Amino acid sequence: MNILYLDTFSGISGDMMLGLLLDLGVALEDLEHDLAALPVSGYHLTARAEKRHGIGGTRVEVHCEGQQPARTWSEIDRMLAQSSLPGAVRELARKIFRILGNAEASVHQISLEQVHFHEVGAVDAIVDIVGSAAGLTRLGLDRIVCSPLPLSSGLIGASHGVVPLPAPAT
């Protein structure tokens, strides 16, 4: 049984997840190949080895050109459903966006179909999420276990203004 345990003592971002997947053996070229099935453009990936406090890992960054549009949950779901992504990748990515969409719908007290993503609807977030789905699928994992995420405090500027941390949809 292949199990991935994520020790998220300091949280995890999309870029961190993509780097982890490369460290676990997923080839950058394979991720780029899978992501090419998305009908989005104006981005490219870079990967490089980094060390922090003597611990090494791969840093993957999604570089976007120009202004990134915000999208609704429905637009993203339709885009994924109509894509030529491998079936398992497509369904995992749709499931992730549905979970995010349901959280946003709950916070804003609207239906899922009314959810308008801001940060999550931009190309870099779509690439992070779909790339993660592709990498996880390529690893052929049976189970993923995640440690509790750290709770932060303070305030952060978002598209709806200044919100507390953790952000309400969290």
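Everything discussed here concerns the structure shown above.
The model shown is predicted, which means the values in this text are computed figures rather than measured ones.

Peer 1: What is the right way to look at the overall build of the protein chain in this model?
Peer 2: Helix and strand content of the protein chain: five helices and eight strands. Along the protein chain, helices and strands appear, N-terminal first, in the series β-α-α-β-β-β-α-α-β-α-β-β-β. Taking 170 residues into account, the globule formula puts the C-alpha radius of gyration at 15 Å, and the protein chain, at 16 Å, falls close to it. By its C-alpha atoms, the protein chain is 40 × 40 × 35 Å across when sized along the principal axes. Burial statistics for the protein chain: of 170 residues in total, 34% are counted as buried. For the protein chain, the share of sequence-separated contacts (at least 6 apart) that also reach a separation of at least 24 residues comes to 64%. Accessible surface for the protein chain amounts to roughly 9,800 Å². Of this, 54% is attributable to carbon and sulfur atoms. Averaging the positions of the 12 positive and the 19 negative side-chain charges in the protein chain gives two centres separated by 3 Å.

Peer 1: Please clarify how the layout of surface pockets should be interpreted in this entry.
Peer 2: In this approach the atoms are scanned with a rolling probe the size of a water molecule, which exposes any empty space left behind. Considered as a void within the structure, the second largest pocket measures approximately 780 Å³ in volume. Along the walls of the second largest pocket sit 24 residues, with M16, I55, G56, G57 and T58 positioned nearest its centre. The dominant element in the lining of the second largest pocket, judged by the number of residues it contributes, is strand β3 (residues 55–64), at six residues. Each residue belonging to the lining of the second largest pocket can be placed in one class, and the counts come to nine nonpolar, eight polar and seven charged.

Peer 1: In this structure, what is going on with helix α4 (residues 87–108)? I would like to understand it.
Peer 2: Note that an α-helix has 3.6 residues per turn; residues three or four places apart therefore point the same way. In this model, α4 (22 residues) spans 31 Å end to end at C-alpha, consistent with the 32 Å of a helix rising 1.5 Å per residue. When we look at burial in α4, the residues that qualify are V89, R90, A93, F97, G101, E104 and A105. Angularly, the buried residues of α4 cover 130 degrees about the axis, an arc narrow enough to put them on a single face. Those residues of α4 that are exposed and aimed more than 90 degrees away from the buried face are K95, I99 and S106. Of the surrounding elements, those touching the buried residues of α4 are α3 (73–81), β5 (116–117) and α5 (123–139). Q109 occupies a position one or two residues after α4 and carries a positive phi of about 55 degrees.

Peer 1: Explanation requested: the side chain of S83 in the structure shown.
Peer 2: Note that S83 resides in the loop between α3 and α4. Here the side chain of S83 touches L80 through a polar contact of 2.8 Å, landing on its backbone oxygen. For S83, the residues in contact, after removing those within four places along its chain, are A37 and R90.

Peer 1: Which parts of the structure should I look at to understand unusual backbone geometry?
Peer 2: Both trends apply: most residues other than glycine have a negative phi, and most peptide bonds are in trans. The phi torsion at H53 lies on the positive side, around 55 degrees, for a residue other than glycine. Despite not being glycine, Q109 shows a phi value in the positive range, around 55 degrees. In this fold, Q109 is placed in the loop between α4 and β5.

Peer 1: For this particular structure, what's the right way to read the packing of α4 against α5?
Peer 2: Interhelical geometry of α4 versus α5 gives an angle of 135 degrees and a closest axis separation of 9 Å. The pairing of α4 with α5 is recorded here as oblique in orientation. Of the two elements, α4 crosses α5, and the hand of that crossing is right-handed. For the pair formed by α4 and α5, the contact residues are A88, V89, L92, A93, I96, F97 and L100 on the first element and I126, I129, V130, A133, A134, L136 and T137 on the second.

Peer 1: Please clarify how the pairing of β3 should be interpreted in this entry.
Peer 2: On any regular strand, side chains alternate: one points to one face of the sheet, the next to the other face. The pairing of strand β2 (residues 43–52) with β3 spans ten bridges and is classified as antiparallel. Within β3, the residue paired with K51 across the bridge is G56. Counted along the chain from β2 to the antiparallel partner β3, the turn is two residues long, and its residue H53 has a positive phi close to 55 degrees.

Parameters at a glance
Residues numbered from 1 in each chain as written. Predicted model: local features only at pLDDT ≥ 70, side-chain atom pairs only at ≥ 80, totals over all residues. Heavy atoms only, no water. Helix = DSSP H or I, 4+ residues; strand = E, 2+ residues; numbered from the N terminus. Rg over C-alpha atoms; globule rule 2.2 N^0.38 Å. Buried < 20%, exposed > 50% of the residue type's maximum accessible area, 1.4 Å probe, protein only. Contact = heavy atoms within 4.5 Å. Areas by Shrake-Rupley, 256 points an atom, 1.4 Å probe, with all protein chains shown as cover. Lys, Arg positive; Asp, Glu negative; His and termini not counted. Charge placed at Lys NZ, Arg CZ, Asp CG, Glu CD. 1 Å grid on protein atoms, 1.4 Å probe; cavity = no way out; pocket = protein on both sides within 12 Å on 5 of 7 lines; lining within 4 Å. Points joined across faces, edges and corners; volume = space filled by probe spheres on them. Nonpolar A, V, L, I, M, F, W, Y, C, P; charged D, E, K, R; others polar. Expected span 1.5 Å × (residues − 1). Arc of directions from axis to C-beta. Polar contact = N/O pair within 3.5 Å; in protein donor to acceptor, adjacent residues only side chain to side chain. Axes fitted to C-alpha atoms, helices over the stretch in contact; angles between N-to-C directions. Parallel < 35°, antiparallel > 145°, perpendicular 65-115°, else oblique. Left-handed = near helix turned anticlockwise from the far one by under 90°. Pairing = 2+ DSSP bridges.

Any functional reading would require information that these geometric values do not contain.
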